[in-house]
Amino acid sequence: MSLLWLVPVGQKLLLWSALGAAVLGAFSLLLNFLRMVTFYSRNWLRLRVVPTVSGALPLVGHALVMKPDPREFFQQLITYSEEYRQMPLIKLWLGPVPLVVLYKAENVETILSSSKQIDKSYMYRFLKPWLGLGLLTSTGSKWRSRRKMLTPTFHFTILEDFLDVMNEQSKILVKKLEKHVNQKEFDCFFFITLCALDIICETAMGKNIGAQWNEDSEYVRAVYRMSDIALQRMKMPWLWNDTLFLLFKKGREHRRSLKILHDFTNSVITERTKAMQREEECKTENSSPRKKRKAFLDLLLNVTDDEGNKLSHEDIREEVDTFMFEGHDTTAAAINWSLYLLGTHPEVQKKVDQELEEVFGTSDHPVTVEDLKKLKYMECVIKEALRLFPSVPLFARCLNEDCEIAGYKIVKDSEAIIFTYALHRDPRFFPDPEEFKPERFFPENSQGRHPYAYVPFSAGPRNCIGQRFAMMEEKTILSWILRQFWVESTQKREELGVAGDLILRPVNGIWIKLKKRHTNES
């Protein structure tokens, strides 16, 4: 007689259930594997004519060829784009998923100008626990509706109200940098980043977190931890499964940081909502409420769609968190790269200095909107810095239908990588592409240039909604720094350690020396 008959009935049921679950699990894995093989085989046949980087293996693709280190991987992409520069595009395999890398303006236009190809890459899902389905991560009708609602909040006249915050925080930054005048070289990257973080906190939420004075605040640490963990998940397939991820130490850190961030944003939204209600009550009682500084949050609390519906508390939190994520690192990177390039090109810095003298004289008064309009050469400097070192060096779209690019049919569910870093170095549009020449962006020199040859803020329907805000902030901060200090840098390009993470970072920092300019008069 089988020993199974000796097992109690309850335990038999558990045993059969476990066995059944194991069989179903194995069957599910087999089914998924067969689907993956079918998907790969079909796409391999359909895409075999597309220029491909050598070294791909069946199913795993280029996984064994690609470098795991972000700096080495980025250099690898640069090498591929240079090696295949004459090709219209190149194909890589991310496991069984085809990925096309685009670095020519005509082909980038095909994707970015499309009103259909607006789905973000699968990898963006690792930002959703923090950002939800806000403007960065949403797609389809939700994205279109949300974009339409939010566009008026970025009107230039509204952005003018944020200039006071930018001036105040820039002034604090200058005080922090004063300590380094006539001292040895120092890494300025973190100083600039904390200033940008203070600006976005106050303009997005109306909350002064004082990051420049208290860089070890819980909220500041949580912002950076969440960004780091999201990037690590993108690079580590064993962390992709949400259930398994929470079993790792990083998963537990992610949950703690997420709670800190959401609790903070929720409390600010609740606080601002109550304040607005009190203001309404004051109005009905014919008393004049104290005029307070506006923030994006205040605008979000009042914005409505075509049917008059307001955003929910969760909707608002998604957008505020998205502003926080997108609105400081990218801007800080652009300012840092500008300082590095000015520090290594004194002849350009002298021209900036001359323009600042013409606009401000020897005064250190706060920057005005009229001042910003006059800083035309500085704007060219920032644009050229963003050409050489775009804050977002590459971004991806998931194709939601078959698409023809450069005569090749690219299949649905392929990933299209817009390699901004390589796109901005196309010698057809930017002769001597590695040279720093702000004059490229003089109006007369920009005429006739392909509109998709330069896309530091993306382009088309999903272009960056905050690009005016970013340019205003970058010009303001740089004008404060350069009115006070002369910047020098002896770092060579190869010493920067350029890595294409979520933003383009110098692994080894931006090391500069500061000298005091003339004595200012108020």
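Here the structure is a predicted model, which is why all the values come from computation and not from measurement. (Residues numbered from 1 in each chain as written. Predicted model: local features only at pLDDT ≥ 70, side-chain atom pairs only at ≥ 80, totals over all residues. Heavy atoms only, no water.)

Some remarks on the packing of aromatic side chains
Step number 1: Per the stated rule, a full pass over the model turns up 15 aromatic pairs.
Step number 2: Seen in terms of ring centroids, Phe74 and Phe419 are 5.9 Å apart; in terms of plane orientation they differ by 85°. Their pairing is edge-to-face. Placement of Phe74 in helix H2 (residues 70-83) and of Phe419 in the loop between strand S7 (415-418) and helix H18 (420-423) is noted, with a sequence separation of 345 residues between them. Both residues of the pair, Phe74 and Phe419, count as buried.
Step number 3: Taking 6.2 Å as the distance between ring centres and 65° as the angle between the ring planes, the aromatic pair formed by Tyr377 and Phe442 counts as edge-to-face. (Phe/Tyr/Trp six-rings, centres within 6.5 Å; stacked < 30°, edge-to-face > 60°. Helix = DSSP H or I, 4+ residues; strand = E, 2+ residues; numbered from the N terminus. Buried < 20%, exposed > 50% of the residue type's maximum accessible area, 1.4 Å probe, protein only.)

Thoughts on the side chain of Lys104
Step number 1: With respect to the helices and strands, the residue Lys104 is situated in the loop between strand S2 (97-102) and helix H3 (105-112).
Step number 2: There is no salt bridge for the buried Lys104, and the closest opposite charge comes from Asp426, which lies 4.6 Å off by N-O distance.
Step number 3: Lys104 has contacts with Arg85, Gln86, Met87, Pro88, Leu423 and Arg428, leaving out every residue within four places of it along the chain. (Lys, Arg positive; Asp, Glu negative; His and termini not counted. Salt bridge = Lys/Arg side-chain N within 4 Å of Asp/Glu carboxyl O. Contact = heavy atoms within 4.5 Å.)

Thoughts on a positive patch on the surface
Step number 1: On the surface, Lys249, Arg252, Arg255 and Arg256 cluster together into a patch of positive charge.
Step number 2: Looking at where Arg255 falls in the secondary structure, it is placed in helix H11 (residues 249-284).
Step number 3: The partly exposed category is assigned to Arg255, whose relative accessible area is 48%. (Patch = residues over 30% accessible without salt bridge, like charges linked within 9 Å, V, L, I, M, F, W, Y side chains within 5 Å. Areas by Shrake-Rupley, 256 points an atom, 1.4 Å probe, with all protein chains shown as cover. Charge placed at Lys NZ, Arg CZ, Asp CG, Glu CD.)

Digging into the sheet that holds S2
Step number 1: Taken in spatial order, the 4 strands make up an open sheet running S1-S2-S7-S4, and their pairing is mixed. Of all the strands in the sheet, just strand S1 (90-94) and strand S4 (395-398) have a single pairing partner and so form its edges. Sheet twist, expressed as the mean angle between neighbouring strand axes with direction ignored, is 30°.
Step number 2: Taken strand by strand, H3 contacts S2, S4 and S7, and its axis lies near 125° from that of S7. (Pairing = 2+ DSSP bridges. Axes fitted to C-alpha atoms, helices over the stretch in contact; angles between N-to-C directions.)

Observations regarding the confidence of the model for the protein chain
Step number 1: In this model, the protein chain carries a mean pLDDT of 85, and residues with pLDDT of at least 70 account for 87%.
Step number 2: Helix H1 (residues 9-47) is the least confidently modelled element of the protein chain, averaging 63 in pLDDT, while helix H17 (residues 376-388) averages 98, the highest of any element. (pLDDT = per-residue confidence, 0-100.)

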